[in-house]
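Residue strings, one per chain:
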Amino acid sequence: MKLMKLGARPDTFFTSGPVRSVYTEVATDLEIFVDNCLFRLHKFPLLSKCLLLQALCAESDAVELPGFPGGAEAFEACAKFCYGIAVTVGAHNAVPLRCAAARLGMTEAAERGNLGAKLDAFLDSCLLRRWRDAVAVLRSTPRHAAACEELGVTSRCVEAVAILATDPGGGSTASAAAGCSSSLSSSPPWWARDVSELGVDLFWRVMVAVKAAGTVKGRAIGDALRFYARRWLPNGYLPAEQAAGGGDDANHRLLVEKMASLLPAERNAVSCGFLLKLLKAANVLRASPATKAELTRRVAMQLEDAGVGDLLIPSCAGTETLYDVDAVMAILEELALRQAAAPAGMPEASPLPHARGHHRRSRSAESSSEFEGARRSTSAAASHGAMVRIGRLVDGFLVEVAKDPNLPLEKLVAIAEAVPDCARPEHDDLYRAVESYLRVHPEMDKSSRKKLCRVLNCRKLSEAASMHAAQNELLPLRVVVQVLFFENARAAAALSGPTVANRVAGVKALLAKTRREAEDGGEEVAVKEEQRRRGLAAGAPGGGGDWSVEGLKRAASRISTLRMKLEEDEDDDADDGAFVHRARPGLVRSASSRVRALCATAIPAAKPKRMLSRLWPSSRSIAASERH
């Protein structure tokens, strides 16, 4: 810690009870009352440096200074400076001395080189250039908040601390602290522990200045916020004593609101669990609606990283439910808004430039297109994975809140329907939530049970869940029938061998290959066609018998058989759809219609024989495999 020594004379002050005086041969002629202490001093050394005493002593030789900053100790240090007695100034007393000097008017207007100017120079040139001294000075400012704000001491200290935090090389102590913390871990930052000792207002001002500097990463700022919240918010950011009417409600509420305003803009700067803890505290402490809205928006940005326990937000006092399902519903609504706005906000791919007269793209353009397509596919897969994790999270949350006997049915159904179908590859967890709710509410009527069970899709139940649901007496009869039907259909499909869908996929792939060969190898095909025609004219067999009447009949028979099987599957799908209450008409095209449309577009009318000749070997191999 840096110290400054003012004056050189030995200390001649003495104390006698409540009276403080100075040894001298000249009698004292001035009495000053400060903080229940009586100072008997001399006018000449004090009035020459203190403008306030000059004005007060013009009327009386007894002066009282109520509410003096720093109390009797600060006034005694100022009086010693006036007498030329040695005074030691450091980070522990620089602020009260500066405020006392300002109160007494010890400025350059009274005398050159006065105490106020010396303290300002010591602060700027020494104390505020070293980390520990700067933090110590800043921590002493709240005791004299009004005077420090008026003198600009607080703002100078905040700026100095922020500069040292963003540039650890600004002081030897800061560099040492940075080295120690970096050897241990990178989170929280080295300055977080010292800054966490500041009050809420000063911490907020320092963090605003650190963020404005732009040199500290958002994750480091988030770690500092988490460290500060752990320091001042008890019980895992859920202060039960404050909710019961503790005396620190206002301070904790202010802290949560300040923390919400300091969140970095980066998405992963803070964890979703930390955000939900802040939201819990804001809910219990009744923070401002703007604070809750900001925390809800940030949680929706990274909801897939949360856990079920994080979503169990206690309800406010006066509500019947155990958990605040409205807060979770607000998060899901915010997530839905973000998902709806995401396609509009995505930048459109700019068209690649083409050279004049050339129809084929360059290799670099093709590579760029392939890379962009791969990037979009990866992004889409990641987005789908995130939605699946969100679906599992919400279903796990529903399993927990469904045990609450006071939870209204409408809220449970609303949260269940807020998750899109693509986010639920299976409905086992949702089924457990429905069953839990039915067990807790045995008095539900038939219509309410049906309304609750509409959120289930029996197709997406696993075998174990289907077996349990088929024997569940709490479920409506229609749901049990659906479960049994789809389970039987699943068992029949498992025993039927290769499905028609696989055959249709094979036909599509073969037709696509034929089209590519017809486009890319046009000249080679033309040569082979000419040779084949010449061979036929010479009496040679045409292409291994591919063009024989029997071959064409067998190919036509195979295609008609395939078409009949596709129509049978279409009828089965129609029967299945009668039991699916959530199916939408027009969304599913039958397999046979798709094959017909594909054949109509892929096989030109002028070249049927060429296409059948390529389909014929595949048909013959399929027939042979079925015979074996």
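Everything discussed here concerns the structure shown above.
This section reports on the structure supplied with the text. (Residues numbered from 1 in each chain as written. Predicted model: local features only at pLDDT ≥ 70, side-chain atom pairs only at ≥ 80, totals over all residues. Heavy atoms only, no water.)

**Considerations on the overall build of the protein**
- Across its full length, the protein holds 30 helices and 7 strands.
- Counting only contacts in the protein whose residues sit at least 6 apart along the sequence, the fraction spanning at least 24 positions is 72%.
- A total accessible area of about 34,500 Å² is found for the protein, and carbon and sulfur atoms account for 54% of it. (Helix = DSSP H or I, 4+ residues; strand = E, 2+ residues; numbered from the N terminus. Contact = heavy atoms within 4.5 Å. Areas by Shrake-Rupley, 256 points an atom, 1.4 Å probe, with all protein chains shown as cover.)

**Some points on the pairing of strand β5 (residues 37-41)**
- Most of β5 sits inside the fold, with 4 of its 5 residues counted as buried.
- Relative to β5, strand β4 (residues 30-34) is paired through 5 bridges, and the arrangement is antiparallel. Across the sheet, residue E31 finds its bridge partner in β5, namely R40.
- Between the antiparallel neighbours β4 and β5 lie 2 residues, among them D35 with a positive phi of about 55°. (Buried < 20%, exposed > 50% of the residue type's maximum accessible area, 1.4 Å probe, protein only. Pairing = 2+ DSSP bridges.)

**As for the nonpolar core**
- I32, F75, W191 and L303 are the most contacted members of the largest nonpolar core, which has 149 residues in total.
- With sequence-adjacent residues up to four places away left out, I32 is seen in contact with C37, L38, F39, L46, L53, V63, L65 and F75. (Core = buried A, V, L, I, M, F, W, Y, C linked by side-chain atoms within 4.5 Å.)

**Section: the environment of E159**
- If you trace the backbone, E159 turns up in helix α8 (residues 153-166).
- C-alpha separation for the pair E159 and V210, spaced 51 residues apart in sequence, amounts to 8.7 Å.

**Details of the side chain of H42**
- Relative to the elements of secondary structure, H42 occurs in the loop between β5 and α1 (43-47).
- Relative accessible area serves as the criterion here: at 8%, H42 is assigned to the buried category.
- Looking at H42, its side chain comes within polar contact range of the main-chain oxygen of V26, at 2.8 Å.
- In terms of polar contacts, H42 uses its side chain to reach the side chain of Y83, at 2.8 Å.
- Excluding anything up to four places from it in sequence, H42 contacts V22, T24, V26, A27, T28, D29, L30 and Y83. (Polar contact = N/O pair within 3.5 Å; in protein donor to acceptor, adjacent residues only side chain to side chain.)

**Re helix α24 (residues 463-470)**
- Among the residues of α24, A465, S466 and A469 are the ones counted as buried. Angularly, the buried residues of α24 cover 100° about the axis, an arc narrow enough to put them on a single face. Of the exposed residues in α24, the ones pointing more than 90 degrees away from its buried face are E463 and A464. (Arc of directions from axis to C-beta.)

**Observations concerning the packing of helix α22 (residues 428-440) against helix α23 (residues 446-453)**
- Where α22 meets α23, the axes come as close as 10 Å, and the angle between the chain directions of the two elements is 160°. Classified by the interaxial angle, the pair formed by α22 and α23 is roughly antiparallel. Considering how the two elements wind past one another, α22 and α23 form a crossing that is right-handed. Contacts between α22 and α23 pair V434, Y437 and L438 from the former with R449, L452 and C453 from the latter.
- Each residue belonging to the contact of α22 with α23 can be placed in one class, and the counts come to 5 nonpolar, no polar and 1 charged. (Axes fitted to C-alpha atoms, helices over the stretch in contact; angles between N-to-C directions. Parallel < 35°, antiparallel > 145°, perpendicular 65-115°, else oblique. Left-handed = near helix turned anticlockwise from the far one by under 90°. Nonpolar A, V, L, I, M, F, W, Y, C, P; charged D, E, K, R; others polar.)

**What about the pattern of salt bridges?**
- By the definition in use, this model includes 22 salt bridges.
- Salt bridges here are not isolated pairs; linked through shared partners, they connect D11, R20, E73, E76 and K80. (Salt bridge = Lys/Arg side-chain N within 4 Å of Asp/Glu carboxyl O.)

**Focus on the environment of D421**
- With respect to the helices and strands, the residue D421 is situated in the loop between α21 (409-417) and α22.
- Residue classification places D421 among the partly exposed residues on the basis of a relative accessible area of 43%.
- Linking D421 and N457, residues 36 residues apart in sequence, is a C-alpha distance of 9.4 Å.

**Topic: α8**
- For α8, which comprises 14 residues, the first-to-last C-alpha distance of 20 Å matches the rise-based estimate of 20 Å (1.5 Å per residue) to within 8%.
- Listing the buried residues of α8 in full gives V153, T154, C157, V158, A160, V161, A162, L164 and A165.
- Tucked inside the fold, the buried residues of α8 contact α4 (94-104), α6 (131-140), α7 (145-151) and α11 (200-213). (Expected span 1.5 Å × (residues − 1).)

**Details of the sheet that holds β4**
- An order of β2-β3-β5-β4-β6 is seen for the 5 strands of this open sheet, with the pairing classed as mixed. The open sheet terminates on both sides in strands that have one partner only, identified here as β2 (13-16) and β6 (62-64). Strand-to-strand twist of the sheet, defined as the mean angle between neighbouring strand axes without regard to direction, takes the value 20°.
- Sheet strands touched by helix α3 (residues 71-83): β2, β3 (19-22), β4 and β5. Its angle to β5, the strand with the most contacts, is close to 5°.

**Structural notes on the packing of α24 against helix α25 (residues 477-495)**
- It is at 9 Å that the axes of α24 and α25 come closest, and there the two elements cross at 140°. The orientation of α24 relative to α25 falls into the category oblique. In the crossing of α24 with α25, the sense of the turn from one axis to the other is left-handed. Of α25, the residues touching α24 (which contributes E463, S466, A469 and A470) are V480, V483, L484, E487 and R490.
- Of the residues contributing to the contact of α24 with α25, the split by class is 5 nonpolar, 1 polar and 3 charged.

**Some thoughts on the packing of aromatic side chains**
- Scanning all chains against the criterion turns up 8 aromatic pairs.
- With 6.2 Å between their ring centres and 45° between their planes, Y228 and W232 make a pair best called tilted. Linking Y228 with W232, this pair stays in helix α12 (residues 218-232), spanning 4 residues, or about one helical turn.
- Of the residues examined, Y228 reaches a relative accessible area of 2% and is grouped as buried.
- Residues F485 and F486 carry aromatic rings whose centres are separated by 5.5 Å and whose planes lie at 70° to one another, so their mutual orientation is edge-to-face.
- Classification of F485 as partly exposed rests on a relative accessible area of 26%.
- Members of the aromatic cluster, connected to one another through ring pairs, are F39, F68 and F75.
- Above the face of the W232 ring, R231 is positioned so that its terminal group lies 4.1 Å from the ring centre.
- A cation over an aromatic ring shows up here: K258 above the ring of W204, its NZ or CZ 4.3 Å from the ring centre. (Phe/Tyr/Trp six-rings, centres within 6.5 Å; stacked < 30°, edge-to-face > 60°. Lys NZ or Arg CZ within 6 Å of the ring centre and 35° of its normal.)

Interpretation note: all reported values are geometric properties and have no functional meaning in isolation.
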